[in-house]
Amino acid sequence: MSVKIRLARRGRRKMAMYDVVVADARAPRDGRFIEKIGTYNPNTDPASININNERALQWLLNGAQPTDTVKAMLSYRGVMLKKHLQIGVVKGAITQEQADAKFEAWLKEKETKIQSKVDSIGKAKDEARQKALEAEAAKNQARLDAIKAREEEAKAAAEAAAAAEAPAEESAEESAPEASAEGDEAPQA
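Residues numbered from 1 in each chain as written. Predicted model: local features only at pLDDT ≥ 70, side-chain atom pairs only at ≥ 80, totals over all residues. Heavy atoms only, no water.

Colleague: Just to check I follow, could you spell out the packing of helix α1 (residues 53–61) against helix α3 (residues 79–91) for this structure?
Modeller: The axes of two packed helices give the description: the angle between them and the distance between them. Between α1 and α3, whose axes approach to 10 Å, the crossing angle comes to 50°. Between α1 and α3, the angle falls in the class oblique. The handedness of the crossing between α1 and α3 is right-handed. Between α1 and α3, the residues in contact are Asn 53, Ala 56, Leu 57, Leu 60 and Leu 61 and Val 79, Met 80, Lys 82, Lys 83 and Gln 86, respectively. (Axes fitted to C-alpha atoms, helices over the stretch in contact; angles between N-to-C directions. Helix = DSSP H or I, 4+ residues; strand = E, 2+ residues; numbered from the N terminus. Parallel < 35°, antiparallel > 145°, perpendicular 65-115°, else oblique. Left-handed = near helix turned anticlockwise from the far one by under 90°. Contact = heavy atoms within 4.5 Å.)

Below, the structure written as C-alpha coordinates:
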(Lines give C-alpha, C1' and ligand atoms only; values in the text may rest on other atoms or scores of the structure.)
Protein backbone atom coordinates (compact mmCIF):
# COMPACT_ATOMS: atom_id res chain seq x y z
CA MET A 1 0.00 0.00 0.00
CA SER A 2 1.54 3.29 -1.16
CA VAL A 3 0.86 6.15 1.26
CA LYS A 4 0.83 9.79 0.11
CA ILE A 5 0.73 13.06 1.97
CA ARG A 6 -1.45 15.32 -0.18
CA LEU A 7 -4.06 18.05 -0.26
CA ALA A 8 -7.82 17.46 -0.04
CA ARG A 9 -9.88 20.38 -1.33
CA ARG A 10 -12.70 21.94 0.64
CA GLY A 11 -14.37 25.34 0.83
CA ARG A 12 -16.61 27.11 -1.62
CA ARG A 13 -16.10 27.91 -5.28
CA LYS A 14 -13.13 30.20 -5.96
CA MET A 15 -12.31 30.30 -2.23
CA ALA A 16 -10.68 26.91 -1.81
CA MET A 17 -9.06 25.72 1.39
CA TYR A 18 -7.20 22.47 1.68
CA ASP A 19 -6.68 19.80 4.31
CA VAL A 20 -3.25 18.17 4.42
CA VAL A 21 -4.04 14.49 4.68
CA VAL A 22 -2.23 11.18 4.73
CA ALA A 23 -4.06 8.86 2.33
CA ASP A 24 -3.70 5.72 0.28
CA ALA A 25 -2.50 6.66 -3.21
CA ARG A 26 -5.47 4.80 -4.74
CA ALA A 27 -8.07 6.81 -2.77
CA PRO A 28 -9.87 9.75 -4.46
CA ARG A 29 -8.55 13.27 -3.93
CA ASP A 30 -11.33 14.37 -1.58
CA GLY A 31 -12.22 10.85 -0.47
CA ARG A 32 -11.05 8.45 2.18
CA PHE A 33 -7.90 9.32 4.11
CA ILE A 34 -5.91 7.81 6.97
CA GLU A 35 -5.16 10.94 9.00
CA LYS A 36 -5.59 14.71 8.71
CA ILE A 37 -2.34 16.40 9.74
CA GLY A 38 -3.03 20.05 8.90
CA THR A 39 -4.67 22.75 6.80
CA TYR A 40 -3.57 25.10 4.03
CA ASN A 41 -5.32 28.37 3.13
CA PRO A 42 -3.88 30.03 -0.01
CA ASN A 43 -6.40 32.90 0.19
CA THR A 44 -4.49 34.77 2.90
CA ASP A 45 -1.34 36.77 2.26
CA PRO A 46 1.04 35.11 3.06
CA ALA A 47 -0.69 31.74 2.77
CA SER A 48 -1.64 30.09 6.08
CA ILE A 49 -0.01 26.71 6.62
CA ASN A 50 -0.95 24.85 9.82
CA ILE A 51 0.62 21.40 9.99
CA ASN A 52 1.26 19.07 12.91
CA ASN A 53 5.02 18.86 12.34
CA GLU A 54 5.58 15.83 14.59
CA ARG A 55 2.95 13.70 12.85
CA ALA A 56 4.17 14.80 9.39
CA LEU A 57 7.74 13.89 10.35
CA GLN A 58 6.59 10.53 11.68
CA TRP A 59 4.74 9.73 8.44
CA LEU A 60 7.74 10.83 6.35
CA LEU A 61 10.08 8.63 8.39
CA ASN A 62 7.64 5.73 7.93
CA GLY A 63 7.87 6.14 4.14
CA ALA A 64 4.92 8.33 3.14
CA GLN A 65 5.61 10.24 -0.08
CA PRO A 66 4.53 13.92 -0.17
CA THR A 67 3.19 15.47 -3.38
CA ASP A 68 5.15 18.37 -4.85
CA THR A 69 2.93 21.03 -3.27
CA VAL A 70 2.94 19.36 0.14
CA LYS A 71 6.71 18.85 -0.08
CA ALA A 72 7.14 22.59 -0.65
CA MET A 73 4.89 23.32 2.35
CA LEU A 74 6.77 20.86 4.54
CA SER A 75 10.05 22.47 3.50
CA TYR A 76 8.60 25.89 4.34
CA ARG A 77 7.63 24.62 7.80
CA GLY A 78 11.00 22.88 8.35
CA VAL A 79 9.74 19.31 8.43
CA MET A 80 11.94 18.23 5.51
CA LEU A 81 15.01 19.76 7.19
CA LYS A 82 14.14 18.01 10.43
CA LYS A 83 13.81 14.71 8.52
CA HIS A 84 17.20 15.31 6.90
CA LEU A 85 18.80 16.04 10.28
CA GLN A 86 17.11 13.02 11.88
CA ILE A 87 18.49 10.74 9.16
CA GLY A 88 21.93 12.22 9.91
CA VAL A 89 21.47 11.37 13.60
CA VAL A 90 20.40 7.81 12.76
CA LYS A 91 23.47 7.34 10.54
CA GLY A 92 25.73 8.78 13.26
CA ALA A 93 26.93 11.79 11.26
CA ILE A 94 25.77 14.28 13.92
CA THR A 95 24.42 14.08 17.46
CA GLN A 96 20.82 14.79 18.42
CA GLU A 97 21.88 17.99 20.25
CA GLN A 98 23.65 19.31 17.16
CA ALA A 99 20.62 18.50 15.02
CA ASP A 100 18.30 20.27 17.46
CA ALA A 101 20.59 23.32 17.59
CA LYS A 102 20.73 23.55 13.77
CA PHE A 103 16.96 23.21 13.53
CA GLU A 104 16.33 25.89 16.20
CA ALA A 105 18.71 28.31 14.44
CA TRP A 106 16.96 27.71 11.14
CA LEU A 107 13.54 28.10 12.78
CA LYS A 108 14.44 31.47 14.33
CA GLU A 109 15.78 32.75 11.01
CA LYS A 110 12.65 31.55 9.20
CA GLU A 111 10.34 33.23 11.74
CA THR A 112 12.14 36.56 11.32
CA LYS A 113 11.81 36.28 7.52
CA ILE A 114 8.10 35.53 7.78
CA GLN A 115 7.54 38.39 10.22
CA SER A 116 9.46 40.84 8.01
CA LYS A 117 7.35 39.77 5.02
CA VAL A 118 4.13 40.27 6.98
CA ASP A 119 5.35 43.69 8.13
CA SER A 120 6.35 44.73 4.60
CA ILE A 121 2.95 43.63 3.24
CA GLY A 122 1.18 45.61 5.95
CA LYS A 123 3.39 48.63 5.30
CA ALA A 124 2.75 48.41 1.55
CA LYS A 125 -1.01 48.28 2.17
CA ASP A 126 -0.81 51.32 4.44
CA GLU A 127 1.24 53.23 1.87
CA ALA A 128 -1.20 52.32 -0.91
CA ARG A 129 -4.12 53.44 1.26
CA GLN A 130 -2.33 56.72 2.05
CA LYS A 131 -1.58 57.34 -1.64
CA ALA A 132 -5.21 56.67 -2.50
CA LEU A 133 -6.36 59.15 0.15
CA GLU A 134 -3.91 61.79 -1.12
CA ALA A 135 -5.02 61.22 -4.72
CA GLU A 136 -8.66 61.50 -3.67
CA ALA A 137 -7.96 64.71 -1.74
CA ALA A 138 -6.11 66.18 -4.75
CA LYS A 139 -8.96 65.20 -7.08
CA ASN A 140 -11.52 66.74 -4.73
CA GLN A 141 -9.46 69.94 -4.49
CA ALA A 142 -9.18 70.12 -8.28
CA ARG A 143 -12.93 69.64 -8.56
CA LEU A 144 -13.56 72.42 -6.01
CA ASP A 145 -11.15 74.73 -7.86
CA ALA A 146 -12.96 74.04 -11.14
CA ILE A 147 -16.33 74.79 -9.52
CA LYS A 148 -14.98 78.07 -8.03
CA ALA A 149 -13.53 79.06 -11.41
CA ARG A 150 -16.89 78.42 -13.12
CA GLU A 151 -18.70 80.40 -10.43
CA GLU A 152 -16.23 83.29 -10.80
CA GLU A 153 -16.61 83.20 -14.60
CA ALA A 154 -20.39 83.20 -14.26
CA LYS A 155 -20.22 86.07 -11.78
CA ALA A 156 -17.87 88.04 -14.06
CA ALA A 157 -20.15 87.37 -17.03
CA ALA A 158 -23.17 88.50 -15.02
CA GLU A 159 -21.34 91.66 -13.95
CA ALA A 160 -20.28 92.31 -17.55
CA ALA A 161 -23.85 91.80 -18.75
CA ALA A 162 -25.13 94.07 -16.00
CA ALA A 163 -22.50 96.66 -16.89
CA ALA A 164 -23.45 96.38 -20.56
CA GLU A 165 -27.15 96.77 -19.71
CA ALA A 166 -26.50 99.78 -17.48
CA PRO A 167 -25.01 101.99 -20.27
CA ALA A 168 -27.73 100.81 -22.63
CA GLU A 169 -30.38 101.82 -20.08
CA GLU A 170 -28.63 105.13 -19.51
CA SER A 171 -28.52 105.83 -23.27
CA ALA A 172 -32.13 104.71 -23.54
CA GLU A 173 -33.06 107.03 -20.70
CA GLU A 174 -31.12 109.86 -22.31
CA SER A 175 -32.79 109.32 -25.68
CA ALA A 176 -36.20 108.96 -24.04
CA PRO A 177 -36.14 112.49 -22.50
CA GLU A 178 -34.99 113.92 -25.82
CA ALA A 179 -37.86 112.20 -27.56
CA SER A 180 -40.29 113.47 -24.98
CA ALA A 181 -38.82 116.98 -25.35
CA GLU A 182 -39.31 116.77 -29.10
CA GLY A 183 -42.84 115.48 -28.55
CA ASP A 184 -43.59 118.39 -26.25
CA GLU A 185 -42.36 120.90 -28.78
CA ALA A 186 -44.39 119.48 -31.64
CA PRO A 187 -47.88 120.27 -30.24
CA GLN A 188 -46.91 123.83 -29.44
CA ALA A 189 -46.12 124.63 -33.01
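Colleague: Looking at this structure, how should I read the pattern of salt bridges?
Modeller: Here the structure, examined in full by the defined rule, presents seven salt bridges. Ionic contacts of the salt-bridge type, sharing partners, join the residues Arg 10, Asp 19 and Lys 36 into one network. (Salt bridge = Lys/Arg side-chain N within 4 Å of Asp/Glu carboxyl O.)

Colleague: Which parts of the structure should I look at to understand the pairing of strand β4 (residues 48–51)?
Modeller: Consecutive residues of a regular strand have side chains that alternate between opposite faces of the sheet. Alternating residues of β4 divide into Ile 49 and Ile 51, all buried, and Ser 48 and Asn 50, none buried. Pairing of strand β3 (residues 35–41) with β4, which is carried by four bridges, proceeds in the antiparallel orientation. By the bridge assignment, Thr 39 is partnered in β4 with Asn 50. Once β3 ends, the chain turns through six residues before running back antiparallel as β4. (Buried < 20%, exposed > 50% of the residue type's maximum accessible area, 1.4 Å probe, protein only. Pairing = 2+ DSSP bridges.)

Colleague: Even after reading the chapter, I still don't get the nonpolar core, so can you show me in this structure?
Modeller: Grouped together as the largest cluster of nonpolar side chains are 19 residues, with contacts concentrated most on Ile 5, Val 20, Met 73 and Leu 74. The set of elements that each furnish at least two residues to this core consists of β1 (3–12), β2 (15–24), β3, β4, α1, α2 (68–77) and α3. If you tally residues by element for this core, the top one is α1, at four residues. If we ignore the near neighbours within four places in the chain, the residues touching Met 73 are Leu 7, Val 20, Tyr 40, Ile 49 and Ile 51. (Core = buried A, V, L, I, M, F, W, Y, C linked by side-chain atoms within 4.5 Å.)

Colleague: What's the story with α3 in this structure? I'm lost.
Modeller: Every α-helix winds through 3.6 residues per turn, so residues three or four apart in the chain are directed the same way. Taking 1.5 Å per residue as the helical rise, α3 with its 13 residues ought to reach 18 Å, and the 18 Å between its terminal C-alpha atoms agrees with that figure. Within the sequence span of α3, burial applies to Val 79, Met 80, Leu 85, Gly 88 and Val 89. Where α3 terminates, the next one or two residues include Gly 92, which has phi positive at roughly 90°. (Expected span 1.5 Å × (residues − 1).)

Colleague: Can you help me understand the pairing of β1 in this one?
Modeller: Taken together, the 10 bridges between β1 and β2 define a ladder with antiparallel strand orientation. Its bridge partner being in β2, Ile 5 is matched across the sheet by Val 22. What sits between β1 and β2 in their antiparallel hairpin is a turn of two residues, with Lys 14 showing a positive phi close to 65°. Two strands pair when backbone bridges link them, and β1 and strand β5 (residues 65–66) are joined in this way by two bridges, in the parallel orientation. Across the sheet, the residue bridging to Ile 5 is Pro 66, located in β5.

Colleague: Sorry, what's going on with the sheet that holds β3 here?
Modeller: Strand pairing within a sheet occurs via backbone hydrogen bonds; the two strands may be parallel or antiparallel. If you walk across this open sheet you meet the five strands as β4-β3-β2-β1-β5, and the pairing is mixed. Both outer strands of the open sheet, β4 and β5, are each paired with one neighbouring strand and no more. Relative to β3, β2 runs antiparallel, the two being bridged by five bridges. By the bridge assignment for β3, Asp 19 is matched with Thr 39. Against the sheet, α1 touches β1, β2, β3, β4 and β5, its axis set at about 120° to β3. Here α2 sits on the sheet in contact with β1, β2, β3, β4 and β5, set at roughly 85° to β4.

Without other data, these values stay purely geometric and don't point to any function.
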